[in-house]
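Here is how the chains run, residue by residue.
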Amino acid sequence: MKNDTLRILEKLAYRYQQEKLTTDPECQLLEQRRHILEGAFLNAHQNDHALIVEVNDLLDAQTSLAEYRCDFQFSLGLQIGLELGGLDILREI
C-alpha cells in the first residue's frame, strides 16, 4: 500500500503533466495525426464492424500496457527522487 504523501505527489504530478501536454506542440501534432488516421480507417472500413471491434480490442490492449509501463516508470522515478532528496550528500563530503 502506498503512503499518502506518495499518492498525493503522484496525483499532483499527473495533473501537471496533463496540463503541460495540452499546450505541447508536438503532442498536439501527434494527436491530430492520430485523429486523421482514425477517421481514414473508419471511413475505409465502416461496413466491417467485426474488423473495427478487433482493431479496437488490439488498441485497448496496447494502450493498457503502455499506460501501465508509463505509470510504473513514473512511480519509480518519483520514488527514487524522494529517496535521493532525503540523502544529505554534502554532509558526507
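Thresholds applied
- Residues numbered from 1 in each chain as written.
- Predicted model: local features only at pLDDT ≥ 70, side-chain atom pairs only at ≥ 80, totals over all residues.
- Heavy atoms only, no water.
- pLDDT = per-residue confidence, 0-100.
- Helix = DSSP H or I, 4+ residues; strand = E, 2+ residues; numbered from the N terminus.
- 1 Å grid on protein atoms, 1.4 Å probe; cavity = no way out; pocket = protein on both sides within 12 Å on 5 of 7 lines; lining within 4 Å.
- Points joined across faces, edges and corners; volume = space filled by probe spheres on them.
- Expected span 1.5 Å × (residues − 1).
- Buried < 20%, exposed > 50% of the residue type's maximum accessible area, 1.4 Å probe, protein only.
- Contact = heavy atoms within 4.5 Å.
- Polar contact = N/O pair within 3.5 Å; in protein donor to acceptor, adjacent residues only side chain to side chain.

### Concerning the confidence of the model for the chain
Note: predicted coordinates in regions of low pLDDT should not be interpreted at a detailed level. On average, residues of the chain score 86 in pLDDT, and 90% of them are at 70 or above. Mean pLDDT across the secondary structure elements of the chain bottoms out at helix α4 (residues 89-92), with 61, and peaks at helix α2 (residues 25-44), with 95.

### Notes on the layout of surface pockets
Put simply, the largest pocket is a space of about 1,000 Å³. In terms of lining, the largest pocket is formed by 25 residues, of which the most central are E31, R34, T63, A66 and E67. Those elements giving two or more residues to the lining of the largest pocket turn out to be α1 (4-23), α2 and α3 (49-85). Examining the composition of the lining of the largest pocket, we find that 11 residues originate from one element, α3, more than from any other.

### A word on α3
Here α3 spans 53 Å end to end across 37 residues, near enough to the 54 Å set by a 1.5 Å rise per residue. By the burial criterion, the buried members of α3 are I52, S75 and L78. Contacts made by the buried residues of α3 are with α1 and α2.

### Thoughts on the environment of R34
Looking at the secondary structure, you find R34 in helix α2. For the pair R34 and K11, spaced 23 residues apart in sequence, the C-alpha to C-alpha distance is 27 Å. A distance of 2.6 Å separates the side chain of R34 from the side chain of E31, its partner in a polar contact.

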